[in-house]
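Analysis of the macromolecular model
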Amino acid sequence: MVPIETSGLTKYYGDLCAVDHLDLSVGNEIFGLLGPNGSGKTTTVLMLTTLLEPTRGSARICGFDTRDEAQEVRRQLSYVPQEMAVDVKLTGRENVSLFAKLYGIAGRDDAVDRALGMMDLSERADDLVRTYSGGMRRRLELAQALVHEPKVLFLDEPTLGLDVASRRRIWDHIRTLRSRGMTIFVTTHYMDEADASCDRVAILDRGRVVAMDSPAALRARVGKDVISVRVTGSVRGPFPEGIEYLGGRGDGEAVFSTDCGSEKVPLLFRWLEERGVTVRSISVHEPTLDDIFLALVPTREDGYGFDDHKFRTMLRRR
Ligand SMILES: Nc1ncnc2c1ncn2[C@@H]1O[C@H](COP(=O)(O)OP(=O)(O)O)[C@@H](O)[C@H]1O
Ligand SMILES: [Mg+2]
């Protein structure tokens, strides 16, 4: 049975198309849904978890239709929303016990202990949540979601607002859950995290999938090397042959792809200097999901990164 399957899944809010004909098939894997703010990630998760009715199309979780068999679907899954509150006046154990009750497994102390243990919270289980760090609260939310042993776990921006060490720890736990056979559907806009941990990702822009593959395969599409240049002022094309402009990021950074970085770096450097552009730094690295994102998704003012539209328009005019 396919854990998550959608066909033409579409959601309109009035005239706004938030999710546009999404076709997904997710197996026993960590599947990342990536995209800038407002690209439709949360709307997708809400439809998959039966909390929001699609305008068109359908979705199945472990073979059950989210619309016609919502009760069955809910039994298969857990959902940790982006903004979830744990009750700080209760202990960690009490919070998880509440969820056990909610899922109809009240009194199953073994299940509560197991969920707390999986998230490394056993030792602090009887302390008030008020005394927990941000990372511990996130892990407690995961423990709540795990108490009824779901087959499919939906996480909306699970590492948002956490420090680097806590983020890493959350991902360690997510990978452990996958190795136990759970399907994990996770949204994030931290490209580096998706790169390191997702088996496959779909990149959303304005409700549409613009790319879907393993991080490695997506990287391969961009080319062998990426050159990142920081300049004072602006640069304009057309650029030398074999150097393709991917986009710009904040702080005067321009990003290029090429098949041979070591050869093209001096060439690009000279080319820029000849045009009176001051190069503050220039470096070569293997493509990251961030670079792919830059190449695929035109940046908008409300979006991820910064507004690079003017730069692109300028290039086109030349
Ligand atoms: N309840 C709603 N009513 C109207 N528009 C909404 C609602 N929820 C989200 N939107 C809009 O739908 C688009 C997708 O939003 P969302 O799914 O929250 O994106 P993401 O999670 O990727 O940031 C955005 O343009 C957002 O403003
Ligand atoms: Mg969201």
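Residues numbered from 1 in each chain as written. Chains lettered and ligands numbered in written order. Predicted model: local features only at pLDDT ≥ 70, side-chain atom pairs only at ≥ 80, totals over all residues.

**Quick look at the overall build of the protein**
A tally of helices and strands in the protein yields 11 helices and 14 strands. Projecting the C-alpha coordinates of the protein onto the three principal axes gives extents of approximately 75 × 45 × 30 Å. The 318 residues of the protein split such that 40% are buried. Across the protein, the fraction of contacts at a sequence separation of at least 24, relative to all contacts at a separation of at least 6, is 68%. (Helix = DSSP H or I, 4+ residues; strand = E, 2+ residues; numbered from the N terminus. Buried ≥ 20, exposed ≤ 12 C-beta atoms within 10 Å, placed from the backbone. Contact = placed C-beta atoms within 7 Å.)

**Examining the sheet that holds strand 5 (residues 64-65)**
Taken together, 4 strands build an open sheet; the order of strands is 2-1-4-5 and the sheet is antiparallel. Each edge of the open sheet is held by one strand with a lone partner, namely strand 2 (16-26) and strand 5. Where strand 1 (residues 4-13) and strand 2 come together, 7 bridges link them in antiparallel fashion. Among the inter-strand pairings, Thr6 is bridged to a residue of strand 2, identified as Leu24. (Pairing = 2+ DSSP bridges.)

**A closer look at the domain arrangement of the protein**
If you check the domain split of the protein, you get domain 1 (4-213) and domain 2 (222-317). Taken over C-alpha atoms, the centre of domain 1 sits 35 Å from the centre of domain 2. At the interface, 12 residues of domain 1 touch 9 residues of domain 2. Sorting the residues of the side of domain 1 that touches domain 2 by element identifies helix 7 (191-197), strand 9 (200-205) and strand 10 (208-213) as the ones contributing at least two each. Among the elements that line the side of domain 1 that touches domain 2, the one with the most residues is helix 7, at 4 residues. Partitioned by chemical class, the residues of the side of domain 1 that touches domain 2 number 6 nonpolar, 3 polar and 3 charged. (Domains from an automatic or database assignment. Nonpolar A, V, L, I, M, F, W, Y, C, P; charged D, E, K, R; others polar.)

**Remarks on the pairing of strand 1**
Two strands pair when backbone bridges link them, and strand 1 and strand 4 (residues 56-61) are joined in this way by 5 bridges, in the antiparallel orientation. When the bridges of strand 4 are listed, Glu5 appears paired with Arg60. If you look at the hairpin formed by strand 1 and strand 2, you'll find 2 residues sitting between the two strands, and Gly14 has a positive phi there, around 60 degrees.

**Brief notes about the nonpolar core**
Ranked by internal contacts, the top residues of the largest apolar core, which has 74 residues, are Ala143, Phe154, Ile184 and Phe185. For this core, the leading source of residues is helix 5 (residues 134-146), giving 6 residues. Mapping this core onto the domain boundaries places at least three of its residues in each of domain 1 (4-213) and domain 2 (222-317). Ignoring any residue separated from it by four or fewer positions in sequence, one finds Ala143 in contact with Val96, Ala115, Leu116, Met118, Met119 and Leu121. (Core = buried A, V, L, I, M, F, W, Y, C linked by C-beta atoms within 7 Å.)

**Considerations on the sheet that holds strand 6 (residues 77-80)**
Across the sheet, which stays open at both edges, the 6 strands sit in the order 6-7-8-3-9-10 with mixed pairing between neighbours. If you trace the sheet from one side to the other, it starts and ends with strand 6 and strand 10, each paired once. Averaged over neighbouring strand pairs, the angle between their axes works out to 15 degrees when direction is ignored. Note that strand 9 and strand 10 share 5 bridges and pair antiparallel. Opposite Val201, over in strand 10, you have Asp213 as the bridge partner. (Axes fitted to C-alpha atoms, helices over the stretch in contact; angles between N-to-C directions.)

**Re the packing of helix 5 against helix 6 (residues 164-179)**
At a minimum axis distance of 9 Å, the contact between helix 5 and helix 6 shows a crossing angle of 20 degrees. Accordingly, the angle class assigned to the pair helix 5 and helix 6 is roughly parallel. With respect to the hand of their crossing, helix 5 and helix 6 are arranged in right-handed fashion. Contacts between helix 5 and helix 6 pair Gly134, Gly135, Arg138, Arg139 and Leu142 from the former with Ser166, Arg169, Ile170 and His173 from the latter. Its residues placed into classes, the contact of helix 5 with helix 6 shows 2 nonpolar, 4 polar and 3 charged. (Parallel < 35°, antiparallel > 145°, perpendicular 65-115°, else oblique. Left-handed = near helix turned anticlockwise from the far one by under 90°.)

**Side note on helix 9 (residues 261-274)**
Each turn of an α-helix holds 3.6 residues, which means side chains three or four residues apart point in the same direction. Its 14 residues place the ends of helix 9 19 Å apart at the C-alpha level, agreeing with the 20 Å of an ideal helix rising 1.5 Å per residue. Every buried residue of helix 9 is listed here: Gly261, Lys264, Leu268 and Leu272. All buried residues of helix 9 lie within an arc of 65 degrees about the axis, which places them on one face of the element. Among the exposed residues of helix 9, those pointing more than 90 degrees away from its buried face are Ser262, Glu263, Pro266, Arg270, Glu273 and Glu274. Buried positions along helix 9 lie against strand 11 (225-232), strand 13 (253-258) and strand 14 (278-285). (Expected span 1.5 Å × (residues − 1). Arc of directions from axis to C-beta.)

**What to know about the site of ligand 1**
Taken together, the residues surrounding ligand 1 are Tyr13, Leu16, Ala18, Gly35, Asn37, Gly38, Ser39, Gly40, Lys41, Thr42 and Thr43. Of all the secondary-structure elements, those providing two or more residues to the shell around ligand 1 are strand 2 and helix 1 (41-48). Looking at the shell around ligand 1 element by element, the count peaks at 3 residues for helix 1. For the shell around ligand 1, the residue count by class is 3 nonpolar, 7 polar and 1 charged. (Near = placed C-beta within 6 Å.)

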